[in-house]
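Structural characterization, general
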Amino acid sequence: MPFFKITLIRSSIGLPKKTQGVLNALGLRKRMATVFKPVNPSTAGQIMRIKELVAVSEVEEALTNAEMRERRRPDPGLRTSLPSTKNTPRGNYLNIGTEILRNLIFFSFLLRWTRKGVLQLKGRGLFGTVAEAYISIRRTLYGIFLKSPGVRSQVQKQVTEAITKLEGKLVPQGPGISRYLTLPKEGWTEQQVRAELEILGGMEHTRWEDGLVSGAVYHGGNELIKLQSEAFEKFSVANPIHPDVFPGVRKMEAEIVAMVLAMFNAPAGGAGVTTSGGTESILMACLSARQKARAERGVTEPEMVIPDTAHAAFRKAGAYFGIKVHLVACPAPTYSVHIPSVSRLINSNTILLVGSAPNFPHGIVDDITSLSRLALRKKGSLPLHVDCCLGSFLVPFLARAGFPTVPFDFTLKGVTSISCDTHKYGFAPKGNSVLLYRTSALRTYQYFVSADWSGGVYASPSIAGSRPGALIATCWASLMSQGESGYIDSCHKIVGAAKKIESTIREHPSLRDDLTVMGKPLVSVVAFTSRTLNVYDLADAMSSKGWHLNALQRPPAIHVAVTLPVVAAVDKLIGDLVAVVEEEKEKERVRIVEGKGAKGGAKGDAAALYGVAGSLPNPSVVNSLAEGFLDTLYKA
């Protein structure tokens with residue numbers, strides 16, 4: 001055996017505890033191992049033992065007990081071997097404990113961020129991770145640049161100017177405009193109120209009544225509005241928070257939920273709630289998924305995986321409820337969510353998958369069947385929400401109206417919740433939506449109960465406490481008056497008009513070479529883009545003809561959401577679109593003749609008003625504009 005191995009063993013074992021403590025304190029043990037020359041192993045062991053005893057004897061005679069306590073320190077090289085209780089002061093144990101705690105905290109921190117890094121690489125891959133890091137750094141640096149002296153003041157000046165122009169359009173000013181900023185000293189007569197209501201109703205606006213507005217107003221006809229008005233009047237003071245006071249409202253709400261559950265093929269035991277709109281329905285679905293994961297799996301850092309075309313309400317839910325949102329691309333040519341990317345992003349923190357039927361931007365129904373398979377891969381522990389707010393009372397009736405359809409509802413076993421806006425193609429007044437669950441247990445996770453409140457036991461099924469029973473009554477009246485036949489008929493008209501717009505863009509000689517329909521829309525929305533023309537110029541030109549279409553971004557595009565009023569104006573829409581495209585093509589030809597070159601398709605992104613941002617690396621400027629817009633809404 002080599003000599004150095006013997007010295008290491010002898011220096012760590014076989015010595016009296018007192019000797020070990022002294023040698024440790026003075027750091028003699030390591031030094032002793034270096035003074036010997038290679039000799040016979042047996043002789044070396046004897047010499048080592050004698051030298052150790054002599055050294056210990058000399059040290060014990062030279063140091064007093066007080067000096068020993070003062071100078072004794074643990075050997076840094078031997079911190080892993082604990083000194084004996086007899087010879088180690090209490091302070092050393094405290095130091096060792098502190099060191100262990102520090103190491104535990106460090107390794108915990110290291111483990112956590114290593115895990116995050118592994119999940120990031122698993123979900124996005126190396127190139128995706130690098131791209132995200134680049135975007136984050138670019139956004140941060142651009143934000144610093146915007147806050148630098150000189151730049152900040154110039155940016156703020158331009159933002160203020162833009163908001164001022166916006167106020168000029170939205171807030172009426174000048175002679176003949178009455179502003180009421182305080183209560184009248186004496187209440188108005190009924191005639192005065194009615195007269196002012198007529199003035200307010202007649203203010204200049206985009207003519208949705210003539211079918212010139214994409215989406216926004218889901219009008220079911222004047223006769224239905226009269227019926228809804230009667231229902232509203234009859235239940236104007238009703239509040240479902242008091243079911244014993246308003247039993248009729250409780251009954252109508254339960255029946256609305258039951259009817260919509262049946263429409264989406266819910267299994268026995270399905271449950272649901274009514275909400276104030278699609279956003280609240282989506283918020284509650286996300287909250288339920290978060291609470292379920294926390295209670296059943298102990299998830300404290302929740303994440304959900306959504307298509308980047310999913311409604312902005314999912315991002316709002318992430319901000320409100322502390323849920324990390326993973327956006328998955330919906331690439332051309334299908335513009336449907338990329339399923340392999342969704343699969344890679346699923347991890348132990350995932351609480352929810354999301355699909356749209358259809359999505360708002362392009363009117364595309366995601367591959368809900370594949371998403372269902374992914375959800376079931378987790379043995380039912382991973383919820384899948386289908387946002388059918390826009391599809392509402394169209395998608396369930398596509399087949400019966402004679403149009404192609406795809407699986408999207410509770411017939412897919414992985415689907416656990418569905419949101420459906422009854423105030424869209426259900427034609428109920430605004431403020432109506434339904435959230436459906438596969439089981440009542442899932443619905444329970446969105447409830448709020450406070451058992452020890454001094455005002456009594458408080459319980460509410462969703463965000464709101466008091467709710468307008470009148471809106472529930474108008475929704476019930478709308479569903480009962482339309483019936484299945486009415487909704488099949490409206491589906492036939494609305495989807496038929498959308499198909500007409502789509503086929504014209506694909507086939508018309510003036511449109512087919514310049515406009516491209518995005519994906520294969522199945523329902524009421526048709527989105528189109530262009531590589532040869534600036535689609536935002538097209539949108540502006542259509543606006544000059546009285547149309548209000550939706551501008552999209554990433555990529556730049558326009559869409560038309562067909563409603564019953566649009567059905568009546570679809571031929572005018574197509575004619576105006578052909579004329580506008582011809583005008584823009586002529587402008588392109590003139591630019592080329594003048595040597596300016598073709599303007600071409602839109603290269604960047606435009607700031608539109610429905611949940612889109614801008615093209616700047618840092619969105620702070622767009623955020624300021626959006627906040628200014630919201631502030632303007634409350635200027636009397």
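Residues numbered from 1 in each chain as written. Predicted model: local features only at pLDDT ≥ 70, side-chain atom pairs only at ≥ 80, totals over all residues. Heavy atoms only, no water.

1. Observations concerning unusual backbone geometry
Stated formally: A helix here means a DSSP run of H or I that spans at least four residues, while a strand means a run of E at least two residues long, and both kinds are numbered starting from the N terminus.
Here Ala332 and Pro333 are connected by a cis peptide whose omega angle stands at 5°. At the junction of Ala357 and Pro358, the peptide bond is cis and its omega measures out at -5° in the coordinates. Checked against the element boundaries, Pro358 lands in the loop between strand 4 (350–356) and helix 14 (368–376). At Tyr335, a position not held by glycine, the phi torsion is positive, near 60°.

2. Here we look at the pairing of strand 6 (residues 417–420)
Where we set the bar: Three exposure classes are used, based on accessible area relative to the maximum for each residue type with a 1.4 Å probe and protein chains only: buried under 20%, partly exposed in between, and exposed over 50%. What makes two strands pair is DSSP finding at least two bridges between them.
In strand 6, alternate side chains face the same way, and those of Ser417 and Ser419 on one face and Ile418 and Cys420 on the other are all buried. Both strand 5 (residues 384–387) and strand 6 contribute to a ladder of 3 bridges, which runs parallel. By the bridge assignment for strand 6, Val386 is matched with Ile418. Sheet analysis places strand 6 next to strand 7 (residues 433–437), joined by 4 bridges and oriented antiparallel. Bridging from a neighbouring strand, Ser417 pairs with Tyr437 of strand 7.

3. Here we look at the environment of Ala238
Heads up, the condition is: In what follows, residue pairs with any heavy atoms lying within 4.5 Å of each other are defined as contacts.
Position of Ala238 among the secondary structure elements: in the loop between helix 9 (222–234) and helix 10 (247–263). Here Ala238 falls in the buried class, since its relative accessible area comes to 6%. Put simply, Ala238 and Val249 are 11 residues apart on the chain and 7.2 Å apart in space, counted from C-alpha to C-alpha. Filtering out sequence-adjacent residues up to four positions away, Ala238 remains in contact with Phe246, Val249, Arg467, Pro468, Gly469 and Ala470.

4. Focus on the nonpolar core
Let me state the cut-off plainly: Buried Ala, Val, Leu, Ile, Met, Phe, Trp, Tyr and Cys residues that are joined via side-chain atoms within 4.5 Å together make up what is termed a nonpolar core.
Residues Val260, Phe264, Leu353, Phe393 and Ile505 are the most contacted members of the largest nonpolar core, which totals 96 residues. It is helix 16 (residues 469–507) that contributes the most residues to this core, 14 residues altogether. Ignoring sequence-local partners within four residues, the contact set of Phe393 consists of Val260, Met263, Cys420, Asp421, Thr422, Tyr425, Gly426, Leu479 and Tyr487. Formed by 24 residues, the second largest nonpolar core is a distinct cluster that contains Met284, Ala285, Leu287 and Ile306.

5. Digging into the UniProt feature "modified residue: N6-(pyridoxal phosphate)lysine" (unreviewed entry) in the protein chain
Put simply, the rule reads: UniProt positions are given in the numbering used here, feature names are shortened, and annotations may be inferred rather than shown by experiment.
UniProt tags Lys424 as "modified residue: N6-(pyridoxal phosphate)lysine" (unreviewed entry). Looking at the element boundaries, Lys424 is found in the loop between strand 6 and strand 7. Not counting chain neighbours up to four residues away, the residues in contact with Lys424 comprise Tyr218, Cys389, Leu390 and Ser392.

6. Observations concerning the side chain of Asn534
The criterion, for reference: In the analysis that follows, any N or O atom pair within 3.5 Å is treated as a polar contact, provided that within protein one partner can donate a hydrogen and the other can accept it, and provided that, for residues neighboring in sequence, both atoms belong to side chains.
Summarising the element assignment, Asn534 is placed in the loop between strand 11 (525–529) and helix 17 (535–544). At 2.8 Å, the side chain of Asn534 forms a polar contact with the backbone nitrogen of Tyr536. Contact partners of Asn534, with chain neighbours within four places excluded, come to Lys599, Gly600, Gly601 and Ala602.

7. Points about the packing of aromatic side chains
What counts is decided by this rule: Think of it this way: a Phe, Tyr or Trp ring, Trp meaning its six-membered ring, pairs with another when their centres are within 6.5 Å, and the plane angle makes it stacked under 30 degrees, edge-to-face over 60, tilted otherwise.
In total, this model carries 10 aromatic pairs according to the counting rule given. Note on Tyr218 and Tyr425: the rings are 5.0 Å apart at their centroids and 80° apart in plane angle, and the pair reads as edge-to-face. In this pair, Tyr218 sits in the loop between helix 8 (190–201) and helix 9 while Tyr425 sits in the loop between strand 6 and strand 7, placing the two residues 207 residues apart along the sequence. The same class applies to Tyr218 and to Tyr425, which are both buried. Taken together, a centroid distance of 6.2 Å and an interplanar angle of 20° make the contact between Phe427 and Tyr487 stacked. Placement of the pair is Phe427 in the loop between strand 6 and strand 7 and Tyr487 in helix 16, with a sequence separation of 60 residues. Exposure remark for Phe427: the relative accessible area of 3% places this residue in the buried category. Among the aromatic residues, ring-to-ring pairing joins Phe393, Phe397, Phe427 and Tyr487 into one connected group.

8. Thoughts on the packing of helix 16 against helix 19 (residues 570–593)
Defined as follows: Comment: axis = line fitted to C-alpha atoms, over the contacting stretch for helices; angle = value between 0 and 180 degrees taken between N-to-C directions. We call two directions roughly parallel when the angle between them is under 35 degrees, roughly antiparallel when it is over 145, roughly perpendicular when it lies between 65 and 115, and oblique otherwise. Crossings are assigned a handedness: left-handed for a near helix turned anticlockwise from the far helix by less than a right angle, right-handed for a clockwise turn. In this classification, Asp, Glu, Lys and Arg are treated as charged, Ala, Val, Leu, Ile, Met, Phe, Trp, Tyr, Cys and Pro as nonpolar, and every other residue, Gly included, as polar.
Look at helix 16 against helix 19: their axes get within 10 Å of each other, and the N-to-C directions meet at 20°. The orientation of helix 16 with respect to helix 19, classified from their angle, is roughly parallel. For the pair helix 16 and helix 19, the sense of crossing is right-handed. Here Ala497, Lys500, Ile501, Thr504 and Ile505 of helix 16 lie close against helix 19, whose contacting residues are Val570, Asp571, Leu573, Ile574 and Leu577. Split by residue class, the contact of helix 16 with helix 19 holds 7 nonpolar, 1 polar and 2 charged.

9. A look at the environment of Glu588
Secondary-structure assignment places Glu588 in helix 19. As a C-alpha pair, Glu588 and Gly600 span 12 residues in sequence and 7.8 Å in three-dimensional space. When neighbours within four sequence positions are excluded, Glu588 is seen to be in contact with Thr532, Leu533, Ala598, Lys599 and Gly600.

10. So, the sheet that holds strand 3 (residues 324–328)
One open sheet accounts for 7 strands, arranged 1-7-6-5-4-2-3; its pairing is mixed. The strands lining the two open edges of the sheet, one partner per strand, are strand 1 (271–275) and strand 3. Each neighbouring strand pair of the sheet contributes to a mean axis angle of 20°, computed without reference to strand direction. Running over the sheet, helix 10 touches strand 1, strand 6 and strand 7 and is turned about 120° from strand 1. Packed on one face of the sheet, helix 12 (residues 313–321) meets strand 2 (303–307), strand 3, strand 4 and strand 5 and runs near 165° to strand 2.

11. Examining the state of the cysteines
Stated formally: The disulfide criterion used throughout: a pair of cysteine sulfur atoms within 2.5 Å.
For the structure shown, the criterion picks out 0 disulfides. Free of any disulfide, Cys388 has its nearest neighbouring cysteine sulfur in Cys420, separated by 6.0 Å. The class for Cys388 is buried, based on a relative accessible area of 0%.

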